[in-house]
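Overview (structure and organization)
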Amino acid sequence: MRTLPDLTVYLVLDDALCGSRGLTDTAVRAVQGGARCVQLRHKTADTQAMVAMGRALLDALQGSGAALIVNDDADAARSLGAGLHVGQDDMPAAHARALIGPDAILGVSVETPEAAAAIDPALVDYVGAGPVFATATKADHKAPVGWDGLARLIAAAPVPAVAIGGIKPEHAALARDAGAAGIAVVSAICGQTDPRAAAAALHARFTEPAS
Ligand code: TZP
Ligand code: MG
């Protein structure tokens with residue numbers, strides 16, 4: 001049985017935006033601020049380098065309750081005993097599930113209601129839904145879906161969804177009201193001088209009582 005991590009504040013690491021502070025320090029601080037999901041996303045590292053970065057993250061986050069998810073690299077995820085996140089163009093969910101085994105968390109990006117409805121909840125634990133807004137962080141992102149589009153993706157998906165793409169603290173409550181289980185962010189944490197305070201603000205705004 002897989003236990004879904006707390007998706008409320010889901011940090012997606014970006015080495016360029018973390019800068020000299022580094023991935024691990026950024027993740028530790030964000031987890032201190034309330035992030036409980038950390039995705040290792042690095043578009044140029046090979047599997048060996050992903051495993052080395054993942055080990056450093058696992059060591060630093062040990063005992064924190066935060067889950068580690070690896071972007072795209074199923075071999076690295078399997079070696080680390082971490083979760084895996086894949087996009088629609090990376091590999092079919094059944095293939096991803098076969099590679100990581102039955103116990104690891106699997107997330108899949110969905111950009112259309114059709115893709116969201118096609119998710120098999122026996123294989124996939126959560127979806128990343130978006131992009132809600134255009135973002136400079138992902139050069140090749142699909143067309144932004146906006147709030148109505150996000151609500152449609154979430155309604156179509158048979159598993160919990162995190163909203164992604166240009167999400168800032170002021171959007172957190174709107175994402176929640178659209179039905180999201182959490183918010184996945186890169187620049188709203190990695191690009192901030194204080195990742196702990198940034199994560200805490202995102203968490204507070206997501207969980208604040210509806211006005
Ligand atoms: N997938 C869709 S948008 C995106 C990813 C990885 C980037 C989100 O970055 P930011 O800085 O939170 O807009
Ligand atoms: Mg991918």
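Residues numbered from 1 in each chain as written. Chains lettered and ligands numbered in written order. Predicted model: local features only at pLDDT ≥ 70, side-chain atom pairs only at ≥ 80, totals over all residues.

Naming follows an unreviewed UniProt entry, where the chain appears as Thiamine-phosphate synthase of Meridianimarinicoccus roseus. Under the heading Sequence similarities (unreviewed entry), UniProt records this for the chain: "Belongs to the thiamine-phosphate synthase family." (UniProt positions renumbered as here; feature names shortened; annotations may be inferred.)

1. Comments concerning the overall build of the chain
When helices and strands are counted, the chain shows 10 helices and 8 strands. Across its three principal directions, the C-alpha atoms of the chain cover 40 × 40 × 35 Å. A buried classification covers 49% of the 211 residues belonging to the chain. Put simply, of all contacts in the chain between residues at least 6 apart along the chain, 60% involve residues at least 24 apart. (Helix = DSSP H or I, 4+ residues; strand = E, 2+ residues; numbered from the N terminus. Buried ≥ 20, exposed ≤ 12 C-beta atoms within 10 Å, placed from the backbone. Contact = placed C-beta atoms within 7 Å.)

2. So, the nonpolar core
Core analysis: the biggest nonpolar cluster contains 74 residues, and L11, A129, V162, A163 and I183 have the highest contact counts within it. Aside from chain neighbours lying at most four places away, what touches A129 is V110, A116, L150, L153, I154, A157, A161, V162, A163 and I164. (Core = buried A, V, L, I, M, F, W, Y, C linked by C-beta atoms within 7 Å.)

3. Some remarks on the environment of R152
Structurally, R152 can be placed in helix α7 (residues 146–156). The class for R152 is partly exposed, based on 18 C-beta atoms found within 10 Å. Sequence separation between R152 and D14 is 138 residues, and the spatial gap between their C-alpha atoms is 28 Å.

4. Examining the packing of helix α2 (residues 23–32) against helix α3 (residues 47–61)
Contact geometry for α2 and α3: axes closest at 9 Å, N-to-C directions at 35°. Seen along the crossing, α2 lies across α3 with a hand that is right-handed. Residues L23, T24, A27, V28 and V31 of α2 touch α3, and the partners they reach there are M53, A56, L57, A60 and L61. Partitioning the contact of α2 with α3 into residue classes produces 9 nonpolar, 1 polar and no charged. (Axes fitted to C-alpha atoms, helices over the stretch in contact; angles between N-to-C directions. Left-handed = near helix turned anticlockwise from the far one by under 90°. Nonpolar A, V, L, I, M, F, W, Y, C, P; charged D, E, K, R; others polar.)

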